[in-house]
Amino acid sequence: MAAGPASHGGLRRAQRPHLSKMERMVVSMQDPDQGVKMRSQRLLITVIPHAVTGNDIMEWLIHKYCITEEEALHLGTLLVRHGYLYPLRDPCHLELRLDETPYRFQTPYFWMSTLWPAAELDYAIYLAKKNIRKRGGLFDHEKEHYDQLHRKISHTWDLVVMQAREQLWAAKQRRKGDRLVIACQEQTYWLVNRPPPGVPSVLEQGPERNSCTAGRVQMPTGPFQTKTVDFYRREVECLRKALGRARVKSSVCLEAYLKFSSQRGPHDPIMSGCLPSNPWVTDNDTYWAMNAPSAAVPTRLRVEQWAFSFRELLEDPVGRAHFMDFLSKEFSGEKPPPRLPARAPPPRFPPAWGGPDPVPGPPAENLSFWEACEELRHGGQAQVPALVDAVYQQFLAPGAARWVNIDSRTMERTLVGLGRPHRHVLDDAQLHIYMLMKKDSYPRFLKSDLYKDLLAEAVVPPKTKRRVFPFMRKPRHSSPSPALLPASASREPSGGDGEA
Amino acid sequence: MATDGLHENETLASLKSEAESLKGKLEEERAKLHDVELHQVAERVEALGQFVMKTRRTLKGHGNKVLCMDWCKDKRRIVSSSQDGKVIVWDSFTTNKEHAVTMPCTWVMACAYAPSGCAIACGGLDNKCSVYPLTFDKNENMAAKKKSVAMHTNYLSACSFTNSDMQILTASGDGTCALWDVESGQLLQSFHGHGADVLCLDLAPSETGNTFVSGGCDKKAMVWDMRSGQCVQAFETHESDINSVRYYPSGDAFASGSDDATCRLYDLRADREVAIYSKESIIFGASSVDFSLSGRLLFAGYNDYTINVWDVLKGSRVSILFGHENRVSTLRVSPDGTAFCSGSWDHTLRTKNYLFVSLQVWA
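Residues numbered from 1 in each chain as written. Chains lettered and ligands numbered in written order. Predicted model: local features only at pLDDT ≥ 70, side-chain atom pairs only at ≥ 80, totals over all residues. Heavy atoms only, no water.

Visitor: Any chance you could explain the interface of chain A and chain B here in plain terms?
Guide: Accessible area lost upon the coming together of the parts serves often as the stated size of an interface. Residue-level contacts link 110 residues of chain A with 134 residues of chain B. The largest per-residue losses of area from chain A upon contact with chain B belong to A:Tyr257, A:Ile270 and A:Trp280, which jointly make up 9% of the total buried on that side. Where chain A meets chain B, there are 12 salt bridges. One can count 41 residue pairs in polar contact (both at pLDDT 80 or more) joining chain A with chain B. (Contact = heavy atoms within 4.5 Å. Buried area = accessible area lost by both parts, 1.4 Å probe. Salt bridge = Lys/Arg side-chain N within 4 Å of Asp/Glu carboxyl O. Polar contact = N/O pair within 3.5 Å; in protein donor to acceptor, adjacent residues only side chain to side chain.)

The structure is reproduced here in structure tokens:
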């Protein structure tokens, strides 16, 4: 072979750790004591030593890695497809046959990690050899390549033919067995590196990675690339902060997973199934209809999920609507009066619950405020100033129609920030209100009659009866695409003209 | 960057060694509170029984490798993108194709469905992320309404809408992530810190909704504060490129899949890696990971054409699924957890002129 290991072999290898793992695997397969049973294989009148059969390979894999036959066959096939094993008979197809077909381990010289990328010159020589040996014996795709190469390197074609002839002559000097083996090795190498049409190439890696030079720069002093000062400064900064971080004991964190998984298990359709049935399995989409975002009567599992966390209650439009309902019905007179803000409290028009003492707005305003802040945070950049202003006028300004009660420190910080409105200017206030609802209104909601009634009225769909004739496929209903529905509040922020 | 060569070399070397020593100290600190392993805690948990997942839908229509897919919030529609530039929107329940767009570039490695279901985003070797509003109007060409939102200096590897259609988060081969305003294309925040290509990202399901995690070719998984652009936490235990990251449903942890043939679980409160999902017989990289709804199962697609299902708590492999004829490039569980979809590089040769590629939905 004319070429040696490729120059970018090293760079690409780093992207393919699976190759070194396969190599370690085949090396241990060839271990004299622990490896695959090897035997001599008789091929016509030649005897080839150190051959193994597909079954031997599979048995070894099953035993060594404690895997099933199916997995062992799959793994063995991958080894063959990557050229680490080659068949001595019918070497045109790289697959693992479970008959008496003998296989041998590819010589490391031809390993993908050693000799890659395959050199064009070498391929030309290989094809030329094949052409000389078997006149017109090239496959169609090989003929195409041959012609292409001939055109491309026509100026050195004499060299190609000469090399081919020399290699053929050298091969004739060898014993028949060796000649056969070398031919098979070479053929396998080219099957891997120049697969015939229809056979997926195992060489394909996708677009090149690591070509980016993020944080790297060509140093004026030498050819090596190294990371910039900025990159390391940033890393050091990040590490310093990380050191000061508060951590939680592993036992506490891991217990939380157990609790989470056991709580959610019944809600996980893949783990526990779903009622009436999984649409993908039965082709019946009732499950989706019953759990639609705006379903009139929510299912029991759905209502139960609102008790798992405040976030999940708010994420469910039906849950949120019921929570809003609950908040509206609550009178803040039931709560102990909250701490009054430092400045004069805003006058309320009209005083909905009488009495001269100024009281903050009903808890429902908290949720509305939170929703408005969400719109701001996730809305379009162009809408930010208008939205900030709208939220301030409605919820925070003295005399605001739907005033929310924020502690004075947060309010001061927020008001300062409002001088230069950006999408995160209300984050502090939003978090404060969120926590207020989470710690106060949410637990009360879960204990309320409203919630208990919802649980009691919730639907538990019956399981779909098994179809008697399972091969009769139900027609699958199509559903209207969300893109067809009229614009809803979820899509666009409605803050264009200042209205929340 | 300092222009004084000698000074810079000194600073660079000392910074580098400072970083190394800080990393060592960090590992020590992290180890201090590590009092138990996950599989030990999970001994009390009942083992999972045999469960069967089969291909329920095969979506054929891409002519070339499927690189990425995403579910619509309606739990049945998906968008998928491929090497030849085709981006297709399917109702995967009926297997009908609803929209198709051909991008001007090949290797569309990222695609995402907007939360409203009214638009999709995609990008790849064009270094951009473009948003296409979905229209059923036969007279309208989808490509005509295309909006170019993100501009990177290298390929786009991942993209995701945040809580609304108005913002997009992108990851790129140029080593950065970025947050963009869709309407104007304005860069809202950029995230620097990876030392090589960023390959994946996932938004945290948290109450404040302000963080996301990214993984890259520098073997690091980094958690970012979306507001400040700062890296909040970083983990560097993988031995090769991190191809996929996905949050655990509670938001307290995330899983990663890497070319080192392992998937790992990192806990954010404990601030460390808490589990490795690996097997000696699995030697090809994991390209794509996702959790089942309860977080008990981790589905991982691999470059050896298989999908392995892991018991997240016990650390053992529950099942191996053979269904593809080439590497699995993308895998996502549906929003309601009833199924997952896998996309791969495979194609089935029908006749000499036909090549079909499959996306499969499993349940």
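Visitor: For this particular structure, what's the right way to read the sheet that holds strand β3 (residues 85–87) of chain A?
Guide: By definition, the strands of a sheet pair up through backbone hydrogen bonds, in either a parallel or an antiparallel sense. Residues and elements named next belong to chain A. The antiparallel open sheet is built from four strands, whose spatial order is β1-β2-β4-β3. Unpaired on one side and paired on the other, β1 (39–43) and β3 mark the two borders of the sheet. On average, adjacent strands in this sheet sit at an angle of 55 degrees to one another, irrespective of strand direction. Bridge count for β3 against strand β4 (residues 102–105) is three bridges, and the pairing is antiparallel. Across the sheet, residue Leu85 finds its bridge partner in β4, namely Phe105. (Pairing = 2+ DSSP bridges. Helix = DSSP H or I, 4+ residues; strand = E, 2+ residues; numbered from the N terminus. Axes fitted to C-alpha atoms, helices over the stretch in contact; angles between N-to-C directions.)

Visitor: Explain the environment of B:Gln50 here, please?
Guide: Of note, B:Gln50 is situated in the loop between α2 (38–41) and β1 (55–62). Taking the C-alpha atoms as reference, B:Gln50 lies 8.2 Å from B:Ser319; in sequence the two are 269 residues apart.

Visitor: Is there a simple way to think about the pairing of strand β15 (residues 211–216) of chain B in this case?
Guide: As a general feature of sheets, a regular strand has side chains that alternate between the two faces. All names here are of chain B. Of all six residues in β15, five are buried, a share of seventy percent or more. In this sheet, β15 lies alongside strand β14 (residues 198–203) in antiparallel orientation, the contact comprising five bridges. Its bridge partner being in β15, Leu203 is matched across the sheet by Phe212. Judged from the five bridges that link them, β15 and strand β16 (residues 221–225) form a sheet pairing that is antiparallel. By the bridge assignment, Ser214 is partnered in β16 with Met222. The turn linking β15 back onto β16 is made up of four residues, and Lys219 within it adopts a positive phi angle of 70 degrees. (Buried < 20%, exposed > 50% of the residue type's maximum accessible area, 1.4 Å probe, protein only.)

Visitor: Please explain the sheet that holds strand β6 (residues 110–113) of chain B as it appears in this structure.
Guide: Residue and element names in this part refer to chain B. Across the sheet, which stays open at both edges, the four strands sit in the order β6-β7-β8-β9 with antiparallel pairing between neighbours. Only two strands of the sheet have a single partner each, and these edge strands are β6 and β9 (147–151). Across the sheet, the mean angle separating the axes of adjacent strands is 20 degrees when strand polarity is ignored. Sheet analysis places strand β7 (residues 119–123) next to strand β8 (residues 128–133), joined by four bridges and oriented antiparallel. Residue pairing for β8: Ile120 is matched across the bridge by Tyr132.

Visitor: Sorry, what's going on with the nonpolar core here?
Guide: Most often, soluble globular proteins have nonpolar side chains that are buried together. Residues and elements named next belong to chain A. Membership of the largest hydrophobic core comes to 40 residues, with the highest contact counts inside it found for Phe310, Phe323, Phe369, Leu396 and Leu426. For this core, the elements supplying multiple residues, two or more each, are α15 (310–315), α16 (317–329), α17 (364–378), α18 (384–396), α20 (427–447) and α21 (449–457). Among the elements that line this core, the one with the most residues is α17, at seven residues. Those residues within four positions of Phe310 in sequence are excluded, and the remaining contacts are Phe323, Tyr434, Met437, Lys438 and Tyr442. Judged by nonpolar contacts, the second largest core, of 34 residues, contains Ile67, Leu79, Trp116 and Leu191. (Core = buried A, V, L, I, M, F, W, Y, C linked by side-chain atoms within 4.5 Å.)

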